[in-house]
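# Coordinates in review
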Amino acid sequence: MDRPMNVKHILHMIYDGPWYKRIMAWMFTCIVAFALVLIAVDINLLWLFGRSPSIKQIKDPITKEASEVYTSDSVLMGRFFSENRTPVTYEEISPILIRTLIATEDERFYRHHGVDIAGLFAALKDMAHGRARGASTITQQLAKNLFRVRTQYSTGLLGHIPGVKILVMKAKEWIVAFKLEVVFTKEEILTMYLNTVDFGSNSFGIKTAARTYFGTTPAELTYEQAATLVGLLKATSYYNPRRHPENAIARRNIVLQNLYHQGGLLINNTMTTKAQLDSFLAIPIICKEAHIENSEEGIAPYFRNQLQDYVDSLCMNGDIRGYDHTRLDLYADGLKIYTTVDSRMQRYAEAAVLEQMRILQKRFDEHWRGMSPWQDVHHQEIPHFIDRIAQKTERYKHLRQRFPHDSDSIDYYMNLPHPVKVFTYDGPEVRELSTMDSIRYMVSFLHCGFIAIEPQTREVKAWVGDIDFNSWKYDKVTALRQPGSTFKLFVYTEAMNRNYKPCDRRMDSYVSYDHNSKGKQGTWAPHNANGYFSEENMTLKRAFAQSTNSIAVKLAMEVGIHNIAKTAHSMGIKSKLEEVPALSLGASDVKLEDLVNAYCTVINDGRYSAPILITKIIDRDGAIIFEEKNVQKQVITYRTAYLMQQMLRGGLTEPGGTSAALWQYINPVLNKTQFGGKTGTSNNHSDAWFVGVTPRLVAGGWVGGEYRCIHFRTGELGQGSRTALPIFGKFIAKVLQDPDLEKYCVQFAPPADSQTRADSECSGYDDWRRDSISLDTIGTLEDIDFGETIEVENEGIVPLTIDTFEIQ
């Protein structure tokens with residue numbers, strides 16, 4: 001009786017059988033073993049091969065996509081990216097490019113399932129004859145682009161064995177390529193490939209590459225352009241048409257010839273002739289003007305620089321759907337961000353800043369001609385000022401490491417002239433300057449911040465962080481500086497909260513207060529900028545308009561410094577405020593953004609909300625993940641807000657008002673709206689401010705040196721009405737004359753109730769009405785000489801720091 005057959009006997013019969021059976025058996029064994037190895041690699045058997053992309057990751061691959069930022073009037077402001085990529089659909093890609101790519105990179109693309117076995121064997125054959133070439137398919141290249149299988153995923157324990165690591169990585173590449181073919185169609189694979197591949201010159205994806213090299217779109221690429229871009233894939237630097245045009249033409253022509261021989265070079269769906277091919281080969285490569293995009297380009301760079309922190313705060317507050325307490329990456333997540341900035345108002349703001357700052361810089365340079373502007377309060381040059389700045393530079397730190405015990409060598413190289421690109425108001429210039437000279441040059445510039453906000457919506461409509469983003473990244477809109485008399489808004493607001501009225505009176509006279517500074521008792525006596533006290537029993541409205549320091553301090557002591565600080569914080573000031581008498585004159589640092597927003601609280605009838613930078617965010621899939629909800633809170637009464645609106649308007653209509661210089665800028669638009677404002681100047685004119693208000697727009701500017709010791713020496717040149725006010729005046733005039741911005745041309749509303757009306761009227765005191773310039777008689781303004789006399793500002797001298805108050 002025959003014994004039953006077992007596996008051992010079967011294998012013995014096969015492998016000892018005829019030669020063809022043995023060959024088939026060995027082939028079958030190799031195939032099974034290879035499949036088992038691939039399965040082991042895929043599941044990371046015994047942690048030998050390292051982690052591989054999951055099927056979920058393959059179905060929903062995440063690539064780094066640029067985020068686009070838009071203005072409120074739908075203008076592209078700029079793009080955030082670490083890899084400059086904007087995806088396109090298959091329908092947006094020219095068939096010319098598709099045929100060119102397949103003919104060059106993977107001619108059997110439509111006949112394999114991720115791995116081209118025939119191509120693999122052909123590559124091995126060529127390798128045996130000393131002609132090494134690649135055999136990766138488009139799908140395999142996509143696997144590498146999407147999942148970085150050679151860097152992002154480990155190769156496990158076996159990866160430490162020499163020679164094995166590359167085999168493990170190649171196996172993962174094949175597995176991922178096969179899965180991609182199972183999950184996606186051929187058209188989707190081609191689209192993903194063209195969206196992910198690197199074309200050099202910081203151009204990731206075909207849309208960016210077509211724009212960067214040829215200024216066109218993927219749908220409009222010609223044969224010679226498509227061949228140039230496909231040729232780049234072999235070596236993005238060596239075949240770059242700008243850096244190596246000869247190499248690029250040679251490679252392009254090889255691509256075109258290959259396309260021709262494969263029957264893909266078509267004109268009107270007809271095969272081209274050899275003569276037509278030759279005509280294509282003769283076409284020169286014409287690239288658009290060399291320009292490599294970076295994420296700092298575009299409208300309002302300082303504003304866009306604030307967006308990552310703003311988005312982070314939205315995430316942390318749980319305001320963005322699907323991103324509670326996790327971070328959105330503006331440089332990789334492919335978002336569409338719709339902001340509040342208006343492109344026209346931003347343009348007007350930047351123009352106003354540059355126009356005024358050019359004038360001020362010329363005036364400043366003439367003012368300090370032959371002298372160094374870094375001087376102390378006694379007008380003496382500060383010793384080693386430039387040296388201390390130089391020691392913080394990377395150049396100095398590098399030299400310090402190179403010559404740790406040789407200060408002479410450090411000094412030599414720090415003072416060695418070399419070509420330096422520097423900022424000028426006529427455009428960047430390259431000059432021969434040493435590091436020390438370039439520091440002296442750069443710190444001698446005056447700087448500026450400007451912001452405009454809609455008080456009702458709190459939408460930021462314009463944001464200028466400084467005079468040039470490429471030269472100075474530090475944003476002056478969010479910098480902390482002393483606000484001077486612009487802080488008096490909160491003193492008078494707290495007074496109105498306590499039932500004071502604009503027509504209440506206080507004496508402009510000498511007053512002193514006990515003061516404690518660093519444990520030392522003394523007496524602090526504020527004084528007016530003109531150096532004397534008028535002894536006039538003036539109304540609060542006139543005192544506020546003329547920025548009379550003595551009355552502001554008296555009022556502050558009556559209502560309480562703590563209460564003023566509390567009111568300022570409730571209205572929008574976020575920085576710490578030192579609760580000392582000098583707070584009433586603006587001794588504590590604030591941000592321009594916060595200050596302007598607090599003025600918005602007054603114009604918005606006492607309702608506060610934080611400034612809004614973004615109205616909507618859409619993710620890469622088209623889903624709206626954030627929409628702004630403007631939540632407002634009543635922080636001061638309507639009565640107080642209305643009375644302070646009238647006080648701000650008094651800065652222009654009261655005799656001696658510090659905002660009177662604004663008339664010369666708003667004369668063409670007087671009939672369109674109503675105006676108010678407040679100036680401010682800190683100690684030694686280090687900080688100059690102006691905040692201007694209209695019923696629908698509040699804007700403010702700051703002007704000063706990068707270091708507080710750098711400033712004008714006189715109030716005539718350095719006060720807020722001469723420096724910051726003209727920026728607002730030039731800006732608001734352009735805004736109100738733009739027919740597309742007509743919504744800002746409205747009047748202040750009348751008082752909502754009889755009591756508020758009564759409190760705002762100054763019965764029995766009419767001389768100021770007769771002397772003031774009223775809106776009803778302003779038609780004769782063209783006859784007024786707006787010379788320097790009208791720009792004199794009665795600003796107080798506020799100490800540089802709280803510890804330097806005058807002790808008497």
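Read on for a plain summary of the structure. As the structure is a prediction and not an experimental result, all values here were calculated from the model. (Residues numbered from 1 in each chain as written. Predicted model: local features only at pLDDT ≥ 70, side-chain atom pairs only at ≥ 80, totals over all residues. Heavy atoms only, no water.)

## Some words on the overall build of the protein
Of the regular secondary structure elements, the protein holds 30 helices and 22 strands. Evaluated residue by residue, the protein yields a buried proportion of 54% over its 808 residues. Carbon and sulfur atoms make up 54% of the accessible area of the protein, which amounts to about 37500 Å² in all. (Helix = DSSP H or I, 4+ residues; strand = E, 2+ residues; numbered from the N terminus. Buried < 20%, exposed > 50% of the residue type's maximum accessible area, 1.4 Å probe, protein only. Areas by Shrake-Rupley, 256 points an atom, 1.4 Å probe, with all protein chains shown as cover.)

## Side note on the pattern of salt bridges
For the structure on display, the rule yields 28 salt bridges. Between E181 and K186 there is a salt bridge whose closest N-O contact spans 3.0 Å. The class for K186 is buried, based on a relative accessible area of 15%. The partner of K730 in a salt bridge is E355, with the nearest N and O atoms 3.5 Å apart. Within this pair, whereas K730 is found in helix α28 (residues 725-737), its partner E355 is found in helix α14 (residues 343-367), the two being separated by 375 residues in sequence. The class of E355 is partly exposed, set by a relative accessible area of 37%. (Salt bridge = Lys/Arg side-chain N within 4 Å of Asp/Glu carboxyl O.)

## Describing a nonpolar patch on the surface
On the surface, F28, V32, L36 and I39 cluster together into a nonpolar patch covering about 400 Å² of accessible area. Relative to the helices and strands, F28 resides in helix α2 (residues 19-43). (Patch = residues over 30% accessible without salt bridge, like charges linked within 9 Å, V, L, I, M, F, W, Y side chains within 5 Å.)

## Section: the pairing of strand β8 (residues 446-453)
For β8, the tally of buried residues reaches eight of eight residues, placing the bulk of the element in the interior. Burial along β8 is two-sided: L446, C448, F450 and A452 facing one way and H447, G449, I451 and I453 facing the other are all buried. Summarising the sheet, β8 and strand β22 (residues 698-705) pair through eight bridges and their orientation is antiparallel. Within β22, the residue paired with F450 across the bridge is G701. Relative to strand β9 (residues 460-464), β8 is paired through four bridges, and the arrangement is antiparallel. Of the residues in β9, the one forming a bridge with F450 is V464. Between β8 and β9, which pair antiparallel one after the other, the connecting turn spans six residues, and R458 there sits at a positive phi close to 65°. (Pairing = 2+ DSSP bridges.)

## Structural notes on the packing of aromatic side chains
Under the counting rule described, the total for this entry stands at 26 aromatic pairs. Ring centres 5.3 Å apart and planes at 75° place the aromatic pair F80 and Y331 in the edge-to-face group. Highlighted residues: F80 in strand β2 (residues 76-80) and Y331 in the loop between α13 (301-316) and β5 (336-339), separated in sequence by 251 residues. Between Y302 and F469, the aromatic rings sit 4.9 Å apart at their centres with planes inclined by 85°, giving edge-to-face as the arrangement. Taken together, the residues span a long stretch of sequence, with Y302 in helix α13 and F469 in the loop between β9 and β10 (480-481) at a distance of 167 residues. (Phe/Tyr/Trp six-rings, centres within 6.5 Å; stacked < 30°, edge-to-face > 60°.)

## Things to note about the side chain of T539
One can find T539 in strand β14 (residues 537-539). Note on T539: relative accessible area 3%, which makes it buried. At 3.1 Å, the side chain of T539 forms a polar contact with the backbone nitrogen of R542. (Polar contact = N/O pair within 3.5 Å; in protein donor to acceptor, adjacent residues only side chain to side chain.)

## Some words on the nonpolar core
M357, F450, F490, Y492 and F731 are the most contacted members of the largest nonpolar core, which has 148 residues in total. Ignoring any residue separated from it by four or fewer positions in sequence, one finds Y492 in contact with L540, A543, F544, I551, A552, L555, M644 and M647. Formed by 50 residues, the second largest nonpolar core is a distinct cluster that contains I93, L146, Y223 and L232. (Core = buried A, V, L, I, M, F, W, Y, C linked by side-chain atoms within 4.5 Å. Contact = heavy atoms within 4.5 Å.)

## Topic: the sheet that holds β8
Pairing is antiparallel in the open sheet, where five strands are placed in the order β9-β8-β22-β21-β20. At either margin of the open sheet sits one strand with a lone partner, and together these are β9 and β20 (676-681). In this sheet, adjacent strand axes meet at a mean angle of 10° when their direction is disregarded. Running at roughly 30° to β9, α14 makes contact with β8, β9 and β22 of the sheet. (Axes fitted to C-alpha atoms, helices over the stretch in contact; angles between N-to-C directions.)

## Observations regarding unusual backbone geometry
The phi dihedral of S74 falls on the positive side, at around 65°, and the residue is not glycine. Along the chain, S74 falls in the loop between β1 (67-70) and β2. The residue N499 is not glycine, and still its phi comes out positive at about 75°. Tracing the backbone shows N499 in the loop between α19 (488-497) and β11 (505-507).

## What to know about α13
With 16 residues, α13 extends 24 Å from end C-alpha to end C-alpha; this agrees with the ideal 22 Å at 1.5 Å per step. Bending of α13 peaks at approximately 30° at the position of L307. Counted residue by residue, α13 has 12 buried out of 16 residues, so it is predominantly covered. Looking one or two residues past α13, G318 carries a phi angle of roughly 75°, positive in sign. (Expected span 1.5 Å × (residues − 1). Bend = angle between axes of the 7 residues up to and from the residue.)

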